[in-house]
Every structure is written in C-alpha cells, then in structure tokens.
Amino acid sequence: MTPVVRPRRSALFLPASNARAIAKARTLPCDVVILDLEDAVAPAQKDAARAAAVAAVREGGFGARELVVRVNAPNTPWGAQDLVALRGAALDAVLLPKLENVATLSRARAALGGGPALWAMIETCAGVLALPAIVAAAAANGLATLVAGTNDLARELRCRVGPDRAPLLPMLAHIVLAARSAGLVALDGVINTLDDQAAIAAECAQGRDYGFDGKTLIHPAQIAAANDAFGPSGNDVEAARMLAAAFDGREDEGAIRIDGRMVERLHLEEARRVLALAAAIAARN
C-alpha cells in the first residue's frame, strides 16, 4: 500500500500583521505558511493581526501550501481570543506555543471544536519533560505535529548555541523520538542566519539527519535549502525504486537479497514512503 505523505520540508513563519508578507507567501515555494500572532507581532498590534489572519484564511489563495496560524499562549491577554476567532476557520492547523501539558492541549481542542489539527511548539524545559504525556494524548486531541522551539529552549536553558547546536541536540532527538512514538510529524526549529547559505544548508542537513520532516523558517531566503535537505535526492528515489521493484511479487517474504545485502520489509516500507514523498513534491511543483 502506498502511504499518504504531505511534504512539510519548509514551514515559513510570517507576521500576520504584514499584509505584503502574506501576499508574497502565496507565491513562495514553501510547503507550509504559518501566520504568526505570537512572537512576530508587537502587543499593540495583536488585535489587528488576529483580524488580518482571519481575513487571510478566508481569502485563501495559498494553493497546495498548508496553512497554519500560531496563536498566543493561553496565559496572555490574547490567547483565548485567538482560539475563539479561529473556530470554524478553513485552515489546516493551529500552532500552540510553549505547550507544557495535556490540559492546555485539551482546552485548545475544546475551544476550536472539531476543526483544524493542532500543532505544538515544544520550547520550554517543562514541555520537553512532558512529551510522553503530550503525545499519549495526541490522538484524542487531534495533535498532528511537534515543532522544536530552539530559540526559547536555548534561552531557558541558558546554553550557548554554536553552529553545531550541541547543547540542544538531546532535546531535538527527544522531540523526534516523541513524535515518532505517536505517528506525528516533527519540524526542526528556526535558524536565525539569513545570508550564509552554507550555514543554513548545514543546519537543515543536521535536522534531516536527526529525523525531522522539515524545518521552520523565518525568511524566504531559507526555503530552497530546506526543500533541498528534506526532500529525497535523485539517488534516494532511484534506490527506493530499485528496492520496491525487487520486492515486487515477493511481498510475502520477510527479507530478500539485493546487491549483496539483505533488506527486510521495514526497508520496503521506508522505500514506499520516500517514493510517495517524491511523488507529492513532484505533483506540487
């Protein structure tokens, strides 16, 4: 069976208060557009940004791009109003910042009703430690994606993050592990670098190697590197095709020999996922 895979290689944050940025996002090659009501919006602009986000969702025009709105935290003056405004909105997901417990997740689900999926930012120490409980409640609350909030994590940990992100790697691995345990998508945190394409590509590659499905971004200049890193290469696709072809007619066998190595059905499943992702990206392009 061919799995259903939706590309989420590049998820671009943009302030919902910026009409020009929203208009441009409708033309960019990112897989996901995240209209931000939280960090990117000043307190004095919160109400206007919320109205702009609702209007943008209603207007549409984002094509195959997944449309997500990041709301403010529930302990702020705006969080509850954000959820009320988005109830019934025709968007793909609502991103909850600084999620730390199941109660907050459940309250958000109740406020939104049976509408869009929930995504969760894991960006505090408490959030990382609560991951087992959070992902255990994912199915009941429509939680579909975990997003690493690396900037906030680094601030709370008081760690010094260099190009290798060494202090954050245990938390990044834990987020991927938790996501996979519950069948969720995992997105890597943002990179603050805008002009150094080599550095952007390196961090995207690191996130891919850790198992993330894609990367959150803060600027259109970062999209190409993310799409390249998190999409299957030509060699990946060719290898997957060869493996799938070798199993053709032999699906009842647990393991077979290909080019001097043993491959199992778990490798076939991964090959099918790679082929499905490549096909979805080709259809989008």
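The present account deals with the structure reproduced in this document. Not measured: the values here are computed from a predicted model.

**Focus on the layout of surface pockets**
Part 1: Volume-wise, the largest pocket comes out at about 780 Å³.
Part 2: If you tally residues by element for the lining of the largest pocket, the top one is helix α13 (residues 265–284), at 6 residues.
Part 3: Its residues assigned to classes, the lining of the largest pocket shows 17 nonpolar, 5 polar and 11 charged.

**Structural notes on the pattern of salt bridges**
Once their charged atoms are close, side chains differing in charge can pair, the charge on each being opposite to the other.
Part 1: Within the structure shown, the criterion is met by 22 salt bridges.
Part 2: The residue arginine 50 makes a salt bridge to aspartate 47 at a minimum N-O spacing of 3.2 Å. One end of the pair, arginine 50, and the other, aspartate 47, are both in helix α2 (residues 46–59), 3 residues apart, so they sit about a helical turn from each other.
Part 3: Judged by relative accessible area, arginine 50 falls into the buried class, the value being 10%.
Part 4: Here the salt bridges do not stand alone but share partners, grouping Asp36, Glu38, Asp39, Arg70, Lys98, Glu123, Asp152 and Arg155 into one network.

**Some details on unusual backbone geometry**
Part 1: One non-glycine residue, lysine 98, lies in positive phi territory at about 50°.
Part 2: Within the secondary structure, lysine 98 sits in the loop between β4 (93–96) and α4 (102–112).

**Details of the packing of α2 against helix α3 (residues 79–86)**
Part 1: Running from amino to carboxyl end, α2 crosses α3 at an angle of 20°, the nearest separation of the two axes being 10 Å. One way to sum up the angle between α2 and α3 is to call them roughly parallel. As for the relative orientation of α2 and α3, their crossing is right-handed in sense. Every residue of α3 that contacts α2 at Asp47, Arg50 and Val54 is listed here: Gln81, Asp82, Ala85 and Leu86.

**Section: the packing of aromatic side chains**
Part 1: Per the counting criterion, the structure on display carries 0 aromatic pairs.
Part 2: When the ring centre of phenylalanine 62 is taken as reference, the NZ or CZ atom of arginine 26 above it lies at 4.5 Å.
Part 3: Between lysine 46 and the ring centre of tryptophan 78, over which it is positioned, the NZ or CZ distance is 5.1 Å.

**A closer look at the sheet that holds strand β3 (residues 66–70)**
Part 1: Read around the barrel, 8 strands follow the order β1-β2-β3-β4-β5-β6-β7-β8 and close on themselves; strand pairing throughout is parallel. Strand-to-strand twist of the sheet, defined as the mean angle between neighbouring strand axes without regard to direction, takes the value 25°.

**Considerations on the packing of helix α10 (residues 197–209) against helix α11 (residues 223–230)**
Part 1: Axis separation between α10 and α11 bottoms out at 9 Å; the angle between their running directions is 35°. Between α10 and α11 lies a crossing whose hand is right-handed. For the pair α10 and α11, contact is made by Gln197, Ile200, Ala201, Cys204, Ala205, Gly207 and Arg208 and by Ala225, Ala226, Ala229 and Phe230, respectively.
Part 2: The residue inventory of the contact of α10 with α11, partitioned by class, reads 8 nonpolar, 2 polar and 1 charged.

So, how was this worked out
Residues numbered from 1 in each chain as written. Predicted model: local features only at pLDDT ≥ 70, side-chain atom pairs only at ≥ 80, totals over all residues. Heavy atoms only, no water. 1 Å grid on protein atoms, 1.4 Å probe; cavity = no way out; pocket = protein on both sides within 12 Å on 5 of 7 lines; lining within 4 Å. Points joined across faces, edges and corners; volume = space filled by probe spheres on them. Helix = DSSP H or I, 4+ residues; strand = E, 2+ residues; numbered from the N terminus. Nonpolar A, V, L, I, M, F, W, Y, C, P; charged D, E, K, R; others polar. Salt bridge = Lys/Arg side-chain N within 4 Å of Asp/Glu carboxyl O. Buried < 20%, exposed > 50% of the residue type's maximum accessible area, 1.4 Å probe, protein only. Axes fitted to C-alpha atoms, helices over the stretch in contact; angles between N-to-C directions. Parallel < 35°, antiparallel > 145°, perpendicular 65-115°, else oblique. Left-handed = near helix turned anticlockwise from the far one by under 90°. Contact = heavy atoms within 4.5 Å. Phe/Tyr/Trp six-rings, centres within 6.5 Å; stacked < 30°, edge-to-face > 60°. Lys NZ or Arg CZ within 6 Å of the ring centre and 35° of its normal. Pairing = 2+ DSSP bridges.

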